[in-house]
Every structure is written in C-alpha cells, then in structure tokens.
Amino acid sequence: MKVAITTLGCRVNQYESEAMIEKFLKEGYDVVSFEDFADVYVINTCTVTNMGDKKSRQMINRARRHNPDSIIAVVGCYSQIAPNDVAKIEGVDVVLGTRNKGDIVYWVNRAKDEKKQIIKVNDVMKNKTFEELKIEEYQNKTRAFLKIQDGCNRFCSYCLIPYARGAVCSKDPKKVLEEVKELANNGFKEIILSGIHTASYGIDLKENITLLDLLEQIDNIEGIERVRIGSIDPTFFSEGVIKRIINIKKLCPHFHLSLQSGCNETLKRMNRHYTTEEYKEVVDNLRTFIKDVSITTDVIVGFPGETEEEFNTTYKFLKDIKLSKMHVFKFSPRIGTRAATMKEQIPNEIKDERSNKLILLNNNLEKEFMNKFLGRKMEVLYEQHYSKKENFFEGYTTNYIKVITKSDDNNIKGKIIETTLIDVNEEFIEGKI
C-alpha cells in the first residue's frame, strides 16, 4: 500500500505530518509524493485564511484525480472547524480534526475495510491535555521541528485557531528533553521548538516551568548545536528574559515576533496584547543584547476599519524599525470570528494595493539586512541541494540568512561549515566555502 501526505500551514502541522508518516511506515506502507499514484492520500489542512481552505479543497480534488479509488483522509484545522463541509466534498473518506492524528492509520484502514465514511472530530474546547505525537525515526538529518505546545488562549478578533486547537496544552518537559536527546542521537544539528502559542508553554503544567526554563535545560544537551523558537509573542521578551537568553549558547539569534499591525488603533481592534511602543522596546532590547540578531514578523493589511491614515502609520513604523523580513497577508474574514462581522470591511483592491506597498518595502529591507553581512565569514548549516543549480547547496546561518553555495562535495549536507558571504541575490546570499 502506498500513502501520500501533503501539509498546509504552520510548523506544528509539519511536525504532525512527520509523525503521521511514521505511523504509516510502521504499518508497512510506502510513502510516495503527493503527485504520484497512491492508495491513500492524507491532506493535513490549514484554516488560518480562506486561501487555506481553498488550497485544502484543491488538494482533495487533486488526490481524487490521481486515483479515484483511493482513500482520502482530511485532517487538521479545516476539518476541525468545518467537519460537515469537508465530509460533503466528493471522495472524502476520513475526516479527523486536530486530535486523533495519532490514530490516522487505524481510521484509514477502518474506512477501507468498512467502505464507509468516518468522521472523528472531538470538541477541542473541552480538551486540557497535550496529545502525544512522538517521532521516533527521522527522515532527514539536518533540522527537525519539535512540537512542545498546542492551543491558544488569546482569541485575537480575526483568528479561528483557538477554536480549532483549543486551550493551551504543553508537552511534559521530561518528554521534550528525551525527544531532544533522541534527535541528537539521530544526527540532527538543529531543532525548532514549535507551538500554536509557544510563549505560553508551561502555564497549564503543575511543574513551575516556562519556555525560558526549558530552553536553558535544552542548552545542556550534547549533540544539538542549534535551537530555534518558532513564531513567538513579543510580550515574552521582557528585559529580564533577554538577559537570561544571552547565556543560552545554542539559541539562534533569530526571532519571529508576530506584529500584525504597526498602528495601535488597529492592534486594539485585533485584540492584540501589546502596543507598537512595547513592540519597539522589545526589538531595541534584542538588538542591544544579541549580536547580529534577525527579527522577522507577520503583518495583516486591510483589517476592518483600517483607514489610509492607519495603514500609513503601519508603513512608517515598519520602515523605521527595519525588520529583516516581513510576511504580508491580506485580511481574510473567517466566519465565527468577531472581525468577520465588524463594520467597514476593506475592499479587495485596497488590500491588494497596501499589500504590494509592504511587499516592496520588505524586499528593500531584506536586501538592506543581508548587505550588512557581505564579506563576513558565518557558519551555515547546509540542508539540501539547491534545485535551480547543479552542484549548489542551500542552508542557513544562525540568524536565518539563506545561503546558496557551490560545492562538489556531496557530503556537506547536514554539516555546519564556515562560509564567506560574497554576493546578495533576490532572496539569498551566495556563499563560498
């Protein structure tokens, strides 16, 4: 039997897909590309935006075209939020929410044997425990995602994720440390601690432990050379936290601090828990205490009520603060959120215009940031071949600059090598070993 899995959305989904792949391998399945013929197709869905839902439906239709007789399992956030809508899509045999992914093979086999549709979606709002999806055998040898937390208690006015993932649930710290050790024993050099709201790690545990405490313990584990944190709330970085962080030697100087808007009035309507002044203070402190730090972010344009003046305030804030990379999203109303019913919804053409302005600003700021490192020798973890050029490899510096380097040595994959940064391209720096 052949299985193909495709993943939409965040790093948590990527981790969970890897865990599901392992479940299928242990049951004797062969894993193939999603573009190949397979007996089972699994779509791990995202519902952050309407586009996420649309892509999920496209993947379902693609699977059905590849093999009309296959078992199609749709799992994840879209299934959790709209299980009945997913179940009505032609060809869908299994519908699982954000829970029960550990039993994916059981439900797929049962649907195949019983020849009937199975829907297994629990009420995550009642859930208080972390679902274990441990990965024991790893498919590559460079960096690995490690899910340490699930759920969110913030309820931003535009976001469905708390309804798709439930309340904050943290992985047992002992199990986190055990998994980090296993990653090190399996040859990994870098791990990325991931969660839905990573900064809230530990608030639900009986142990008095925080994300910072966990990072300090991971720093003592031999074998792992780099640790990254996934997207994190800027309120995590008090000055006291930053002063402790600088002593964590393996923690990479790259932080993705979600901003969403550079205007306080917009942030208030979004129900974000900080102001632009507080955000800037965090950025300034990180830059003061951490050498070569890279700070990236997400920004939403066209949020309901965003006037031209509010957008211009955001634009000026981002231009002045000079982050190293911005991911720009156009507001997407999600049924079930407060923002979807807010007055003064912004027309799509205005969203497009504002998005294009910020993308252009990002391109300039990204190049400006990379230019600071030209001529420098920096350590790069090479992860894979660069698909566009023969004998070129791609990897990342500790502060997450993408580097493309020519090498006739195929063994550089999975190694950290000192590299001279020689030329800035559109999205990367060319390196020389």
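Structure: above.
A quick note: this is a predicted structure, and the numbers were derived from the prediction, not measured.

Novice: What should I look at first to understand the side chain of Ser-261 in this one?
Specialist: Secondary-structure assignment places Ser-261 in the loop between β12 (254-256) and α10 (264-270). A distance of 3.3 Å separates the side chain of Ser-261 from the side chain of Thr-314, its partner in a polar contact. In contact with Ser-261, not counting residues within four places along its chain, are Thr-266, Leu-267, Met-270, Thr-276 and Thr-314.

Novice: Would you mind showing me how to read the packing of aromatic side chains here?
Specialist: Each aromatic ring pair is described using two quantities: the centre-to-centre distance and the angle formed by the ring planes. Enumeration according to the criterion identifies 14 aromatic pairs in this entry. Plain terms: the ring middles of Phe-237 and Phe-255 are 5.0 Å apart, the flat faces sit at 65° to each other, and that makes the pair edge-to-face. Of the two residues, Phe-237 sits in the loop between β11 (226-229) and α9 (239-245) while Phe-255 sits in strand β12, which places them 18 residues apart along the sequence. One exposure class covers both Phe-237 and Phe-255, and it is buried. Seen in terms of ring centroids, Tyr-396 and Tyr-400 are 4.4 Å apart; in terms of plane orientation they differ by 10°. Their pairing is stacked. Residue Tyr-400 is classed as partly exposed on the basis of its relative accessible area of 25%. Cluster of aromatic residues (ring-pair linked, three or more members): Tyr-158, Phe-303 and Phe-331. The ring centre of Phe-392 lies 5.0 Å from the NZ or CZ of Lys-389, which sits over that ring.

Novice: Please explain the pairing of strand β16 (residues 392-397) as it appears in this structure.
Specialist: Note on strand geometry: in a regular strand, side chains alternate between the two faces of the sheet. The buried count for β16 comes to six of six residues, which makes it a mostly enclosed element. As paired elements, strand β15 (residues 377-385) and β16 share five bridges and run antiparallel to each other. Each residue of the ladder has a partner; that of His-385, found in β16, is Phe-393. Between β15 and the antiparallel strand that follows it, β16, lie six residues; Asn-391 among them carries a positive phi value of about 65°.

Novice: For this particular structure, what's the right way to read the pairing of strand β14 (residues 325-330)?
Specialist: Bridge count between strand β13 (residues 294-301) and β14: six bridges; the pairing is parallel. What sits directly across from Thr-296, in β14, is Lys-325. The β-α-β motif built from β13, the intervening helix α12 (residues 308-321) and the parallel element β14 has right-handed crossover chirality.

Novice: For this particular structure, what's the right way to read unusual backbone geometry?
Specialist: A positive phi is found at Asn-271, a non-glycine position, where the angle reads about 65°. Tracing the chain through its elements places Asn-271 in the loop between α10 and α11 (276-289). With relative accessibility at 24%, the residue Asn-271 sits in the partly exposed group. Here the phi dihedral of Glu-344 falls at roughly 60°; this positive angle occurs in a residue that is not glycine. Mapped onto the elements, Glu-344 comes out in the loop between β14 and α13 (348-371).

Novice: Would you mind going over the sheet that holds β12 with me for this structure?
Specialist: One key point about sheets: their strands pair by backbone hydrogen bonds, in either a parallel or an antiparallel sense. Strand order across the open sheet formed by three strands is β12-β13-β14, with parallel pairing between neighbours. Two strands bound the open sheet, and with one partner strand each, they are β12 and β14. The sheet shows a mean angle of 15° between the axes of neighbouring strands, taken without regard to direction. Against the sheet, α11 makes contact with β12 and β13, and its axis sits at roughly 160° relative to β13, the strand it touches most.

Novice: Help me understand the nonpolar core, please; the structure alone is not making it clear to me.
Specialist: Note on soluble globular proteins: their nonpolar side chains tend to be buried together. Of all hydrophobic cores here, the largest spans 70 residues; its most connected members are Phe-237, Ile-245, Phe-255, Leu-257 and Tyr-279. In contact with Phe-255, other than residues within four places in its own chain, are Ile-229, Phe-237, Ile-245, Leu-286, Ile-290, Val-293, Ser-294, Ile-295 and Thr-296.

Novice: I would appreciate a short explanation of the pattern of salt bridges in the present structure.
Specialist: Pairing between side chains becomes possible if they bear opposite charge and their charged atoms approach one another. Under the counting rule described, the total for this entry stands at 33 salt bridges. We note a salt bridge from Lys-116 to Glu-114, for which the minimum N-O separation is 3.5 Å. Take Lys-116: its relative accessible area is 45%, and that puts it in the partly exposed class. For Glu-239, the salt bridge goes to Lys-243, with nearest N and O atoms at 3.3 Å. Of this pair, Glu-239 and Lys-243 both sit in helix α9, four residues apart, which is roughly one turn of the helix. Note on Glu-239: relative accessible area 37%, which makes it partly exposed. We classify Lys-243 as partly exposed; its relative accessible area is 41%.

Novice: I tried to follow the sheet that holds strand β7 (residues 143-147) on my own but got confused; where do I start?
Specialist: Pairing is parallel in the open sheet, where three strands are placed in the order β7-β10-β11. Each edge of the sheet is formed by a strand with only one pairing partner; in this case those strands are β7 and β11. Across this sheet, the average inter-strand angle for adjacent strands is 25°, counted without regard to direction. Note: strand β10 (residues 190-194) against β11, four bridges, orientation parallel. Directly across from Ile-192, in β11, lies its bridge partner Arg-228. Across the sheet, helix α7 (residues 173-185) touches β7 and β10, and the angle it forms with β7 is around 165°.

About the thresholds
Residues numbered from 1 in each chain as written. Predicted model: local features only at pLDDT ≥ 70, side-chain atom pairs only at ≥ 80, totals over all residues. Heavy atoms only, no water. Helix = DSSP H or I, 4+ residues; strand = E, 2+ residues; numbered from the N terminus. Polar contact = N/O pair within 3.5 Å; in protein donor to acceptor, adjacent residues only side chain to side chain. Contact = heavy atoms within 4.5 Å. Phe/Tyr/Trp six-rings, centres within 6.5 Å; stacked < 30°, edge-to-face > 60°. Buried < 20%, exposed > 50% of the residue type's maximum accessible area, 1.4 Å probe, protein only. Lys NZ or Arg CZ within 6 Å of the ring centre and 35° of its normal. Pairing = 2+ DSSP bridges. Right-handed = clockwise from strand over helix to strand, strands pointing away. Axes fitted to C-alpha atoms, helices over the stretch in contact; angles between N-to-C directions. Core = buried A, V, L, I, M, F, W, Y, C linked by side-chain atoms within 4.5 Å. Salt bridge = Lys/Arg side-chain N within 4 Å of Asp/Glu carboxyl O.

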